[in-house]
Amino acid sequence: MLSRQEISQLVDGLSRGSLSDSQAAAFAMAVFFRGMTESECVALTTAMRDSGTVLSWPRSDFPGPVVDKHSTGGIGDNVSLMLAPMLAATGAYVPMISGRALGHTGGTLDKLESIPGYATAPDLARFRQTVKSAGCAIIGQTDELAPADRRLYAIRDITATVESIPLITASILSKKLAAGLDSLVLDVKLGSGAFMKTIAEARELAGALVGVGKGAGLNISALITDMDEPLAPTAGNALEVMNAVSYLKGDRQSRLNEIVLALGEELLFLSHVAPSSQNARKMLDAAIATGKAAEHFARMVAILGGPHDFIDQPEAYLPVAPILRPVAAREQGTVASIDTRLLGLSVIVLGGGRSTPDQPIDHAVGLSDLAPRGAELSRGEPLAMLHARDPSSAETAEQMVLAAYRLGAATEAGPVIRERIG
């Protein structure tokens, strides 16, 4: 068993560069094969947190709780874009450190970069000012926050140790802890569009995250949620931003709305803003009904360099793909199941995701009007609308969408919220 001091020395070597890549790779491989105890993982997480700047939010300037959420990634998962301003409208502060597309899943930063001028990498002073003025700011990991994690992640990527539960846990939580949070809720996805395919895998990851988070002094809980179909009816960067704006203006699709409210309720209860789930839901509903959530989103976009009237006319600013065409069902039937991962891969084929870390993103392309499980379709009715840059990618993506949908006898979908851990 490694001592806290040994782990601290290892992390110090990672951040200072005195630990070689081969030594770091050996450590990652050892953890991958042998695992870590919870106390070792707490020590690794807090050491990586302390490898850079740890933000503080003095109550004199930030009188509400400092909160955040993290999703393990899915298709059509644009929850952060709505939840952050909704929480800000209730009096919480949300300094959200988000990521880019990973594998078949979309990335919050790529979505926000659909907005002209939006700065996903501001300096810390601008980040603080945005959180103070707008109540929320969604940005990427800066050079100052958890630099040891950034180097270890690169090592994990080339040593095929990305899927190690202790290393996933330390990577996620070190960045969240460096953001100076009071409370964090985790959305651990389960199903065909998630990294965790079974309930046992999802429970293992959720349990590790909650246990280590508590060990590091954080108010934390996790929800295991369904990703056997896209969360929003869209998949693609600008399309998901447009969908989020529609939600903030009151168009709240039931499946997406259920997860947004569940995560928001959990955070407001954890941080003592609301005494009960029912009270928390009323606060979140009011944030939409009064237009305050939309105002906070608009303020965040403007302060971080986007258009000042973006919320009023997003269609004037978001890029549009030149090809728009339906993917027609080839038979009559009910949508029995969806290979959600395949839909995510079709967005990559269109150019809206990455197969390599340095691959550029086409923010305009993607899928919209995705038919949900249980939808009854006639032959020729659309399963989805394709937004493509060129005929070749459109043709390939169309075949993938057709393969992703299985029509048959109606089946009852499971609950959107599977379990709560914490």
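Predicted model only: the values in this text are computed from it and were never measured.

Each helix and strand in the chain was counted, giving 15 helices and 12 strands. Relative to its length of 422 residues, the chain is compact, with a C-alpha radius of gyration of 21 Å against a globular reference of 22 Å. Based on the C-alpha atoms only, the size of the chain along its principal axes is roughly 65 × 45 × 40 Å. Buried positions account for 59% of the 422 residues belonging to the chain. Across the chain, every contact between residues at least 6 apart in sequence was considered, and the portion connecting residues at least 24 apart equals 79%.

Another aspect to go through is the nonpolar core. Within the largest apolar cluster, 124 residues are counted, with the highest numbers of intra-cluster contacts made by Met-82, Met-86, Leu-87, Phe-127, Leu-186, Leu-248 and Tyr-405. What Phe-127 contacts, discounting residues up to four positions off in sequence, is Leu-55, Trp-57, Pro-95, Met-96, Ile-97, Pro-122, Ala-137 and Ile-139. Grouped together as the second largest cluster of nonpolar side chains are 20 residues, Leu-10, Leu-14, Met-48 and Leu-167 included.

Per the stated rule, a full pass over the model turns up 23 salt bridges. As a salt-bridge pair, Glu-240 and Lys-111 come within 2.9 Å of each other at their nearest N and O atoms. Note that Glu-240 is positioned in helix H10 (residues 237-248) and Lys-111 in helix H5 (residues 108-112), a separation of 129 residues in sequence. Here Lys-111 falls in the buried class, since its relative accessible area comes to 2%. Residues Asp-362 and Arg-389 are paired through a salt bridge, measuring 2.9 Å at the closest nitrogen-oxygen approach.

Time to look at the packing of aromatic side chains. In this description, an aromatic ring pair is defined by two values, namely the gap between the centres and the angle between the planes. Scanning all chains against the criterion turns up five aromatic pairs. Pairing Trp-57 with Phe-127 gives two aromatic rings, centres 6.0 Å apart and planes at 85°, and the pair type is edge-to-face. One end of the pair, Trp-57, is in the loop between helix H3 (38-49) and strand E1 (67-71); the other, Phe-127, is in helix H6 (residues 124-134), and 70 residues separate them in sequence. No difference in accessibility class separates Trp-57 from Phe-127, as the two residues are buried. Ring centres 5.4 Å apart and planes at 85° place the aromatic pair Phe-62 and Tyr-93 in the edge-to-face group. Remark: Tyr-93 occurs in the loop between helix H4 (79-89) and strand E2 (94-98) and Phe-62 occurs in the loop between H3 and E1; sequence separation between them is 31 residues. Taking relative accessible area as the criterion, Phe-62 reaches 4% and is therefore assigned buried. One aromatic cluster is present, formed by Trp-57, Phe-62, Tyr-93 and Phe-127 through successive ring pairs. Between Arg-128 and the ring centre of Trp-57, over which it is positioned, the NZ or CZ distance is 5.2 Å.

About the cut-offs
- Residues numbered from 1 in each chain as written.
- Predicted model: local features only at pLDDT ≥ 70, side-chain atom pairs only at ≥ 80, totals over all residues.
- Heavy atoms only, no water.
- Helix = DSSP H or I, 4+ residues; strand = E, 2+ residues; numbered from the N terminus.
- Rg over C-alpha atoms; globule rule 2.2 N^0.38 Å.
- Buried < 20%, exposed > 50% of the residue type's maximum accessible area, 1.4 Å probe, protein only.
- Contact = heavy atoms within 4.5 Å.
- Core = buried A, V, L, I, M, F, W, Y, C linked by side-chain atoms within 4.5 Å.
- Salt bridge = Lys/Arg side-chain N within 4 Å of Asp/Glu carboxyl O.
- Phe/Tyr/Trp six-rings, centres within 6.5 Å; stacked < 30°, edge-to-face > 60°.
- Lys NZ or Arg CZ within 6 Å of the ring centre and 35° of its normal.

Keep in mind these values describe shape, not function.
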